[in-house]
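Tertiary structure, described
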Amino acid sequence: MVKDAAVELVDVSVVRGGYRAVDGVSLRVATGTVVGLLGPSGSGKSTLIRAVVGVQQHVRGRVTVLGRPAGSPALRRRVGYVTQGAGIYPDLTVRQNLQYAAAAAGLPRRDVRGAVDRTRVDVDLAERADSLTGRLSGGQRSRVCLGAALLPQPDLLVLDEPTVGLDPVLRRDLWQLFHRLAASGRTLLVSSHVMDEADRCDDLVLLRDGRVVAQDTPAGLRRATGTDDVEAAFLHLVGAV
Amino acid sequence: MGATAVRVLRQVRHDPRTVGLVVVVPSVLVALMAWVYSGTDVFDRVGAPMLALFPFTVMFLVTSLTTLRERQSGTLERLLTTPLRRHELIGGYALAFGLLAAVQAVVATTVAQLVGLDVAGPWWALLGVAVLISVLGTALGLLASAFATTELQAVQFMPAFVLPQLLLCGLLRPREDLPAGLRELSSLLPLSHAVDAVTVIAVQPDVGRDLLEPVLVVLGFTVAALVAGSLTLRRRTP
């Protein structure tokens, strides 16, 4: 059964600073799945993600998100975006960051407290609510970023390298959270340069030099390339073996 | 707008040193000025304009650096993907820093009074104008941050943006005595009108209409800078 596409890109190119950061990419992300956007750094992941959330200038081709052109005002309530590295205020407490995220998302005031409490538990920061975000560890900060995007319960979550620098236990917990969200009908597009996270995704898009090298399930990819893991499959596909 | 103002004020509260500097520095400078010119009547002439100038400069700097940080840290990019409107963001910043500016103006004006500044007009008018001028500094700082890509540049904007206005605002030499060309130029600069407003209060017991004109001009510059600042927030960036 072919599911609806939450995100669909048709022949998308982005020229950034004089070079083609994204070069003729077509892909689809099925609703209710966790899709990994994998590739080495500089492969165009962040640019592609910026095009999906509608903050990238000079996008050629068609980017459709939840049935609308990317960046449409109506999507701002339905798409959550976790930017690479930051996106939250280090000089606010975790709770204050989440409260502001709730306000920015346009949540009615009476719903803010409940949403903040729920999100703190979701990202496992219930105990650190009143800590200054800048004093948290890198992993905890990433979870505050994630919480800020998660809080308004968007239909699509777009995450740019959310697991960078996290310890393995935390990474596993986050991926479990991603799958719980997908099971509840949400869609997640997650970029990573860590190939060993590939097996945690329902579907994979391998990117290199701004082009799609392959799009398949992890198992399908291994089968097609006759390899044991996605890293080897990647090497096989780019002809490096 | 309210949510953004609360957020900015909460950030400021976690940085007591900045609050201290913003509130204390202009007052100290005013007091120092009074001391430097003790025994002369110079302080009576320049004291009131200083109440306009110091808060203007401090708020310009604080605001341009804070908003530059927002532009660069990725928080702005994320915010622009949310339903938050750009004018709510800019308005929230102006509101929060305006409040901070008001505290600063109250303290600086009180100190000026304590160190013997004599003004002919009412103190409440001086206070009100000082707040207005701080908000002008905030609005221009918001706008200036759009043209800086590093903090080093933002700091350089201060001498580039503020010092020429200081030279031409009538403090060093009355504006009507400036050479042709500079005189016209000075009336295009917001700080000139700010100093005009303060000078009216300093020399006229009955301010009334003479104050209204420069105040309206300063207000106009403030609104224009805020509108221009919100136009510089682009949802899509290269």
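Throughout what follows, the structure given in this document is the object of discussion. Here the structure is a predicted model, which is why all the values come from computation and not from measurement.

Digging into the overall build of chain A
Secondary structure summary: chain A contains seven helices and 10 strands in total. Relative to the compact-globule value of 18 Å for 241 residues, chain A shows a C-alpha radius of gyration of 18 Å, a close match. Each principal axis of the C-alpha distribution contributes one length, and for chain A these read about 50 × 40 × 35 Å. Counting over 241 residues, chain A shows a buried share of 53%. Taking contacts inside chain A between residues at least 6 apart in sequence as the whole, the part at least 24 apart equals 66%. In chain A, the 31 positive side-chain charges and the 26 negative ones have mean positions that sit 7 Å from each other.

Re the overall build of chain B
The helix and strand inventory of chain B stands at 10 helices and zero strands. For chain B, the succession of helices and strands along the chain, N to C, is α-α-α-α-α-α-α-α-α-α. Counting only C-alpha atoms and orienting by the principal axes, one finds that chain B spans roughly 55 × 40 × 35 Å. When the 238 residues of chain B are sorted by exposure, 50% land in the buried category. Long-range pairs, those at least 24 residues apart, make up 78% of the contacts in chain B between residues at least 6 apart in sequence. With the model as given, the accessible surface of chain B reaches about 10,800 Å², and the carbon-plus-sulfur share is 68%. Computed over 17 positive and 15 negative side-chain charges, the separation of the two mean positions in chain B equals 16 Å.

With respect to the interface of chain B and chain A
With 25 residues of chain B at the contact, the number on the chain A side is 31 residues. For the pair chain B and chain A, the two sides together bury roughly 2,600 Å², of which 52% comes from carbon and sulfur. At the junction of chain B and chain A, the tally comes to two salt bridges. Between A:D91 and B:R69 there is a salt bridge whose closest N-O contact spans 3.3 Å.

What to know about the pattern of salt bridges
Residue and element names in this part refer to chain A. Using the criterion set out here, one finds 15 salt bridges over all chains in the structure. The partner of D23 in a salt bridge is R211, and the shortest N-O contact between them spans 2.9 Å. Of this pair, D23 sits in strand 2 (residues 19-30) while R211 sits in strand 10 (residues 211-216); the two residues are 188 residues apart in sequence, bridging distant segments of the chain. Residue D23 is classed as buried on the basis of its relative accessible area, which comes to 18%. Judged by its relative accessible area of 48%, R211 falls in the partly exposed class. Bridged by salt links that share partners, the residues R20, D23 and R211 form one connected network.

Some points on the sheet that holds strand 7 (residues 156-160) of chain A
All names here are of chain A. As summarised here, the arrangement of the six strands in space is 6-7-8-3-9-10, forming an open sheet in which the pairing is mixed. Whereas interior strands pair on both sides, the edge strands pair on one side only; in this sheet they are strand 6 (79-82) and strand 10. Each neighbouring strand pair of the sheet contributes to a mean axis angle of 15 degrees, computed without reference to strand direction. Judged from the four bridges that link them, strand 6 and strand 7 form a sheet pairing that is parallel. In the sheet register, V79 faces strand 7, and the bridge partner there is L156. Seen against the sheet, helix 4 (residues 138-150) touches strand 6 and strand 7 and runs at an angle of roughly 165 degrees to strand 6. Across the sheet, helix 7 (residues 230-237) touches strand 3 (34-38), strand 9 (203-208) and strand 10, and the angle it forms with strand 9 is around 45 degrees.

Structural notes on the side chain of A:S131
Here A:S131 is to be found in the loop between helix 3 (109-122) and helix 4. Once you skip the residues sitting within four places of it in the chain, A:S131 turns out to touch A:L92, A:T93, A:V94 and A:L136.

A word on the packing of helix 3 (residues 42-72) of chain B against helix 5 (residues 86-114) of chain B
All names here are of chain B. Here helix 3 crosses helix 5 at 155 degrees, and the two axes come no closer than 10 Å. Judged on the interaxial angle alone, helix 5 and helix 3 are roughly antiparallel. As for the relative orientation of helix 3 and helix 5, their crossing is right-handed in sense. Of helix 5, the residues touching helix 3 (which contributes L51, P55, V58, M59, V62, T63, T66, T67 and E70) are Y93, F97, L100, A101, Q104, A108, T109 and A112. When grouped by side-chain class, the residues that make up the contact of helix 3 with helix 5 number 11 nonpolar, five polar and one charged.

Quick word on helix 9 (residues 190-203) of chain B
Residue and element names in this part refer to chain B. A rise of 1.5 Å per residue sets the reference length of helix 9, with its 14 residues, at 20 Å; its end C-alpha atoms lie 20 Å apart and thus fit the reference within 8%. Among the 14 residues in helix 9, 11 count as buried, and that is most of the element. Those residues of helix 9 that fall on the buried side of the exposure criterion are P190, L191, S192, H193, A194, V195, A197, V198, V200, I201 and A202. Looking at the buried residues of helix 9, the elements they touch are helix 3, helix 6 (123-144), helix 7 (151-168), helix 8 (182-186) and helix 10 (208-231).

Cut-offs and rules
- Residues numbered from 1 in each chain as written.
- Chains lettered and ligands numbered in written order.
- Predicted model: local features only at pLDDT ≥ 70, side-chain atom pairs only at ≥ 80, totals over all residues.
- Heavy atoms only, no water.
- Helix = DSSP H or I, 4+ residues; strand = E, 2+ residues; numbered from the N terminus.
- Rg over C-alpha atoms; globule rule 2.2 N^0.38 Å.
- Buried < 20%, exposed > 50% of the residue type's maximum accessible area, 1.4 Å probe, protein only.
- Contact = heavy atoms within 4.5 Å.
- Lys, Arg positive; Asp, Glu negative; His and termini not counted.
- Charge placed at Lys NZ, Arg CZ, Asp CG, Glu CD.
- Areas by Shrake-Rupley, 256 points an atom, 1.4 Å probe, with all protein chains shown as cover.
- Buried area = accessible area lost by both parts, 1.4 Å probe.
- Salt bridge = Lys/Arg side-chain N within 4 Å of Asp/Glu carboxyl O.
- Pairing = 2+ DSSP bridges.
- Axes fitted to C-alpha atoms, helices over the stretch in contact; angles between N-to-C directions.
- Parallel < 35°, antiparallel > 145°, perpendicular 65-115°, else oblique.
- Left-handed = near helix turned anticlockwise from the far one by under 90°.
- Nonpolar A, V, L, I, M, F, W, Y, C, P; charged D, E, K, R; others polar.
- Expected span 1.5 Å × (residues − 1).

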